[in-house]
Each structure stands twice: as structure tokens, then as C-alpha cells.
Amino acid sequence: MYEKLQSKLFKKNKSRFIVWDAMQVPYPIANEFFENIIIPFSTFGLIHNNETDLGANRLFNEFYRILKLGGLVIINDFRTQRIDRERLNKDLIEESFYHYHSQHGEILEKQTSQLKICPNELLDGQIIRERNTVFSVKKTGQVLEEHFERIPLWDIGDFPILGQKSGFKYVKGEICPDFHEEPSIMHIFQKT
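**What to know about the overall build of the protein chain**
Stage number 1. On a plain count of helices and strands, the protein chain comes out with 3 helices and 8 strands.
Stage number 2. When the elements of the protein chain are put in sequence order from the N terminus, they spell out α-β-α-α-β-β-β-β-β-β-β.
Stage number 3. Taking all 192 residues of the protein chain together, 38% fall into the buried category.
Stage number 4. For the protein chain, the proportion of contacts with a sequence separation of at least 24, taken over those separated by at least 6, is 58%.
Stage number 5. With the model as given, the accessible surface of the protein chain reaches about 12,000 Å², and the carbon-plus-sulfur share is 51%.

**Brief notes about the pattern of salt bridges**
Stage number 1. In this structure the tally under the stated criterion is 7 salt bridges.
Stage number 2. We note a salt bridge from E130 to R150, for which the minimum N-O separation is 3.5 Å. Separated by 20 residues along the polypeptide, E130 in strand β5 (residues 126–137) and R150 in strand β6 (residues 143–153) bring together distant segments of the chain.
Stage number 3. Of the charged contacts, one joins K172 and E174 as a salt bridge, the two residues approaching to 2.8 Å between their closest N and O atoms.
Stage number 4. What makes K172 partly exposed here is its relative accessible area of 38%.
Stage number 5. Note on E174: relative accessible area 36%, which makes it partly exposed.

**What to know about the side chain of K191**
Stage number 1. By the secondary structure assignment, K191 is in strand β8 (residues 184–191).
Stage number 2. For the buried K191, no salt bridge is present, and the opposite-charge side chain at shortest range is E62, 10 Å distant.
Stage number 3. Setting aside its immediate chain neighbours within four residues, K191 contacts Y64, R65, L67, K68, L69, G70, G71 and F168.

**What to know about the pairing of strand β4 (residues 105–118)**
The side chains of a regular strand alternate, first on one face of the sheet and then on the other.
Stage number 1. With 10 bridges joining them, strand β3 (residues 92–101) and β4 adopt antiparallel strand pairing. By the bridge assignment, E95 is partnered in β4 with Q111.
Stage number 2. Count of turn residues in the β3/β4 antiparallel hairpin: 3 residues.
Stage number 3. In this sheet, β5 lies alongside β4 in antiparallel orientation, the contact comprising 12 bridges. Paired with I117 across the two strands is I127, which belongs to β5.

**A few points about the nonpolar core**
Stage number 1. Ranked by size, the top nonpolar core spans 23 residues in total, and within it F44 and F63 carry the most contacts.
Stage number 2. Those elements that place two or more of their residues in this core are β1 (34–39), α2 (43–47), α3 (58–66) and β2 (67–77).
Stage number 3. Excluding its chain neighbours within four sequence positions, the residues that come into contact with F44 are I39, L59, F60, I75, W154, F159 and L162.

**As for α3**
Stage number 1. Taken residue by residue, α3 has L59, F60, E62, F63 and I66 as its buried positions. Projection of α3 onto a plane perpendicular to its axis shows the buried side chains occupying an angular sector of 160°, all on one side.
Stage number 2. Looking at the buried side of α3, the elements it contacts are β1, α2, β2, β7 (168–176) and β8.

**Remarks on the packing of aromatic side chains**
Stage number 1. Evaluation of the coordinates by the stated rule reveals 8 aromatic pairs.
Stage number 2. Ring geometry for F44 against F159: centres 6.0 Å apart, planes inclined by 50°, an arrangement best described as tilted. Within this pair, whereas F44 is found in helix α2, its partner F159 is found in the loop between β6 and β7, the two being separated by 115 residues in sequence. The pair formed by F44 and F159 is uniform in burial state, with each residue classed as buried.
Stage number 3. Connected via pairs of aromatic rings, a cluster forms that spans Y27, F44, F60, F63, Y64, F159, F168, Y170 and F189.
Stage number 4. Sitting above the plane of the Y98 ring, K138 keeps its charged end 4.8 Å from the centroid.
Stage number 5. A cation sits over an aromatic face here: K191 above Y64, 4.6 Å from the ring centre.

What counts, and where the lines are drawn
- Residues numbered from 1 in each chain as written.
- Predicted model: local features only at pLDDT ≥ 70, side-chain atom pairs only at ≥ 80, totals over all residues.
- Heavy atoms only, no water.
- Helix = DSSP H or I, 4+ residues; strand = E, 2+ residues; numbered from the N terminus.
- Buried < 20%, exposed > 50% of the residue type's maximum accessible area, 1.4 Å probe, protein only.
- Contact = heavy atoms within 4.5 Å.
- Areas by Shrake-Rupley, 256 points an atom, 1.4 Å probe, with all protein chains shown as cover.
- Salt bridge = Lys/Arg side-chain N within 4 Å of Asp/Glu carboxyl O.
- Lys, Arg positive; Asp, Glu negative; His and termini not counted.
- Pairing = 2+ DSSP bridges.
- Core = buried A, V, L, I, M, F, W, Y, C linked by side-chain atoms within 4.5 Å.
- Arc of directions from axis to C-beta.
- Phe/Tyr/Trp six-rings, centres within 6.5 Å; stacked < 30°, edge-to-face > 60°.
- Lys NZ or Arg CZ within 6 Å of the ring centre and 35° of its normal.

See the structure below:
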């Protein structure tokens, strides 16, 4: 995706992009500042995946440091509705999907998830999904991979709160109906 972005944009203008691991802070930038930071589709939810210290506001603090005054942070997320808090600590959610693998044929991806609330300095009452995923060969049942994830779920109503401790103003959430198979939302923050 980065190579495609380079080929499309660098021919037309002199935009500069830097790619790095979001949790590796401080970022490798000393004396330059940016106009915008863009976190593409659903990546923000994955950044804190399996983090033991969910309370660290490292991202927004770093964003604030490297942005110009008035600069924007744009986070695209797929949740355009509130998460159903009624299901917390009650139901184990099971989902299954089939994928095709060039070596093994059809693969069954089976997920079992539990929703619960965990402490988080970024957001009081953070909802966490703990998920166990098993990938197995449909034909033989052979398990190829099994892993466990702790995933913070950012509700649509949570985003205006994020970034406040670092000095950001939440500008708006803008629905993007055609960005993905389902509508997504651009959450826009500004350094003030």
C-alpha cells in the first residue's frame, strides 16, 4: 500500500511520508513538524493490540509534539454506532469464517470473544475484547495456528474524549459511506 501511495502522490507533488511502528516513541523526528497525521482504516484499534499498559497516552502525546499548531490527526474507524454494553461479561461471542490458502485449501478461522471493561487512563470504562482465534484446515481439522488477543474497542462516543489530555480539540466525526464495504468514520482532532 505504501508503494502504491508513493507512485500516485510523489509524481504529482513533493509530499513526504514516514512509516514507523506507532508504539515506538519518541518518533525519529527531532526538529521538523507535520501538518497532518493520518491513521487509516481501523488501524487505531490494532495499535494497542495486546498492550499490557493500555493507559499510556504515548500516541497522542507524540502526535502533539510533532504536529504544527493547527495540525490535524485523522483517525478512520469502522465503528459508526455505539457498542452494546449490555453484552459485557455475559455472552461468549463465537464467529467463524472461511478463507482460501494456496497450500492448505480452505481454512476455517474460528473466533471466541469475551467483552469486558478494563482500566485505561485514555478512557474511563474502556471496553476490551479478549479473543482466541484458531485457524484450521477445513478438510482435515489440522490446527495451523492459535493465538490470543486483547483488543481495545473504541466506541464512536469515545473518540471525542481521546486526545484531550494531550491538548487536542476534537473537531468532528465525518461518516464515509463508501470508504469500505461498510461505512466508516473519520475522527478529526486539531492541535490548538
